[in-house]
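Fold and geometry: a report
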Amino acid sequence: MSKFSEIDLKRFAAQVKTRRGDMWLRAAATEIGEVSAPTLSRVEQESVPDLDTYIRICRWLGKSPEEFMTGKKRLKEEGTPEFIEAHLRADKTLSSDTIEALSRMVHLAYDAAKKGKI
Amino acid sequence: MKRGFKTEAERLSVGFRQKLGLLPAEALPARRLAEHLQVVLLVPEAIPGIKQGDARLLSRMSTPFSAAVLPVDGRHLIIHNPSHSDARQESDLMHELAHIICGHKATGVDTSLGAPLLAYDRRHEEEANYLGGSLQVPREALMKKLLRGMTRDQIAEFYGASLDLVKYRINITGAERQIMRWRRNQQG
């Protein structure tokens, strides 16, 4: 499984807004394909899109997916698994705060389960 | 969905009820199925060491987070948002249990970085939607209840399901179409 870099959400959202211009959200979403107007609106508000949505929007912008990757990485704690597999059922565009809270929670739950605390 | 999946899902729904000493048409609470599968159910505030702010954020009704499945050393944990309605929680838990039953490989979440991308496997989602729905509202039982004249609201209440789920089950199983065909045949 490959590592994910952080997306520059501000720049991504700005480019989406510029590209959409005066177009209605629904019309833009239709142009992008398989993306809803509410999802597009949330992306413009700097919410993190799911991978499929992100790639479709990049295609619509005429940019490669790497264009908005910052390549920023935080230091890994010692003994922390690089990837914790978690299936998340949620709205496809969560705010950055929610995703970070989820990541921390999943990490803590994994540690506790490994130590037999849950 | 792969060929034969729907039939297998309905078989599993009845099979789990039998193992738990329930009749094929009885309601099967998600918590009971989780216990049988030895899946641990948790809410965010029960996670040791979680920050209060994080627990509160992930337990808000307005937060779109519903549930997360975490496989650890051969066990499964499901962490879910306790503020959503009972019917929605049932649906979310059954959906996640369906993923576990199907043995779907989970989506990767990189916890060493900031805001990770979430990748969804559409086929697995469709399968979990169908099986989760079937576990809650079995097809045969649904048909029988509709034939007896139960309303969709009554069926939803009986199974602790949302009205939307009952409508979904009626559509995806073709139950109403089959009943109409049967009634037409009866009328000769």
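Because the structure is predicted, anything quoted here is derived from the model rather than measured.

1. Observations regarding the overall build of chain B
If you tally the helices and strands in chain B, you get nine helices and four strands. For chain B, the succession of helices and strands along the chain, N to C, is α-α-β-α-β-β-α-β-α-α-α-α-α. For chain B, the C-alpha atoms occupy an extent of roughly 65 × 30 × 30 Å along the three principal directions. A separation of at least 24 residues holds for 62% of the contacts in chain B among residues at least 6 apart in sequence.

2. Concerning the nonpolar core
A general trend in soluble globular proteins is that nonpolar side chains are found buried together. Counting 40 residues, the largest nonpolar core has Phe 12, Val 16, Leu 40, Ile 57 and Met 105 of chain A as the members making the most contacts within it. Mapped onto this core, the elements with two or more residues apiece are α1 (9-20), α2 (25-32), α3 (37-44), α4 (51-61) and α5 (96-114) of chain A together with α3 (52-58), β2 (65-72) and β3 (75-80) of chain B. In terms of residue count, the dominant contributor to this core is α5 of chain A (nine residues). Not counting residues up to four positions away in its chain, the partners in contact with Phe 12 of chain A are Ile 7, Val 43, Pro 49, Tyr 54, Ile 57, Cys 58, Leu 61 and Phe 68 of chain A.

3. Some details on the confidence of the model for chain B
All names here are of chain B. On average, residues of chain B score 89 in pLDDT, and 91% of them are at 70 or above. Scored below 50 in pLDDT, residues 110-118 shows 42 contacts in the model against residues more than four places distant or in partner chains. In the predicted assembly, ipTM is 0.81 and pTM is 0.73.

4. Observations regarding a positive patch on the surface
Residue and element names in this part refer to chain B. Together, Lys 6, Arg 177, Arg 181 and Arg 184 make up a region of like positive charge exposed at the surface. Ranked by residue count, the leading element in the positive patch is helix α9 (residues 175-187), at three residues. Overall, the relative accessible area of 55% leaves Arg 177 in the exposed class.

5. Comments concerning the packing of helix α4 (residues 86-102) of chain B against helix α5 (residues 122-136) of chain B
All names here are of chain B. Orientation of α4 relative to α5, taken along the N-to-C sense of each, is 120°, at an axis distance of 8 Å. The interaxial crossing formed by α4 with α5 has right-handed handedness. Within the contact between the two elements, α4 uses Glu 90, Ser 91, Met 94, His 95, Ala 98, His 99, Ile 101 and Cys 102 and α5 uses His 124, Glu 125, Ala 128, Asn 129, Leu 131, Gly 132, Leu 135 and Gln 136. For the contact of α4 with α5, the per-class residue count stands at seven nonpolar, seven polar and two charged.

6. A closer look at the packing of aromatic side chains
Under the counting rule described, the total for this entry stands at three aromatic pairs over all chains. Ring geometry for Phe 12 of chain A versus Phe 68 of chain A: centroids 5.0 Å apart, planes at 70°, classification edge-to-face. With Phe 12 of chain A in helix α1 and Phe 68 of chain A in the loop between α4 and β1 (83-85), this pair connects stretches of sequence that are 56 residues apart. Comparing Phe 12 of chain A with Phe 68 of chain A shows no difference in burial state: the two are buried. With centroids separated by 4.8 Å and ring planes inclined at 80°, the aromatic side chains of Phe 158 of chain B and Tyr 159 of chain B adopt a geometry described as edge-to-face. Residue Phe 158 of chain B is classed as partly exposed on the basis of its relative accessible area, which comes to 39%. Of the residues examined, Tyr 159 of chain B reaches a relative accessible area of 5% and is grouped as buried.

7. Regarding the pattern of salt bridges
When their charged atoms lie close together, side chains carrying opposite charge are able to pair. Applying the stated rule across the entire model yields 16 salt bridges over all chains. The partner of Arg 11 of chain B in a salt bridge is Glu 8 of chain B, with the nearest N and O atoms 2.6 Å apart. Pair noted here: Arg 11 of chain B and Glu 8 of chain B are both in helix α1 (residues 5-19), with a separation of three residues, about one helical turn. Arg 31 of chain B is the salt-bridge partner of Glu 90 of chain B, the closest N and O atoms lying 4.0 Å from each other. Taken together, the residues span a long stretch of sequence, with Glu 90 of chain B in helix α4 and Arg 31 of chain B in helix α2 (residues 30-36) at a distance of 59 residues. Through salt bridges that share partners, Asp 8, Arg 11 and Glu 67 of chain A make up one connected network.

Cut-off values and rules
- Residues numbered from 1 in each chain as written.
- Chains lettered and ligands numbered in written order.
- Predicted model: local features only at pLDDT ≥ 70, side-chain atom pairs only at ≥ 80, totals over all residues.
- Heavy atoms only, no water.
- Helix = DSSP H or I, 4+ residues; strand = E, 2+ residues; numbered from the N terminus.
- Contact = heavy atoms within 4.5 Å.
- Core = buried A, V, L, I, M, F, W, Y, C linked by side-chain atoms within 4.5 Å.
- Buried < 20%, exposed > 50% of the residue type's maximum accessible area, 1.4 Å probe, protein only.
- pLDDT = per-residue confidence, 0-100.
- Patch = residues over 30% accessible without salt bridge, like charges linked within 9 Å, V, L, I, M, F, W, Y side chains within 5 Å.
- Areas by Shrake-Rupley, 256 points an atom, 1.4 Å probe, with all protein chains shown as cover.
- Salt bridge = Lys/Arg side-chain N within 4 Å of Asp/Glu carboxyl O.
- Lys, Arg positive; Asp, Glu negative; His and termini not counted.
- Charge placed at Lys NZ, Arg CZ, Asp CG, Glu CD.
- Axes fitted to C-alpha atoms, helices over the stretch in contact; angles between N-to-C directions.
- Left-handed = near helix turned anticlockwise from the far one by under 90°.
- Nonpolar A, V, L, I, M, F, W, Y, C, P; charged D, E, K, R; others polar.
- Phe/Tyr/Trp six-rings, centres within 6.5 Å; stacked < 30°, edge-to-face > 60°.

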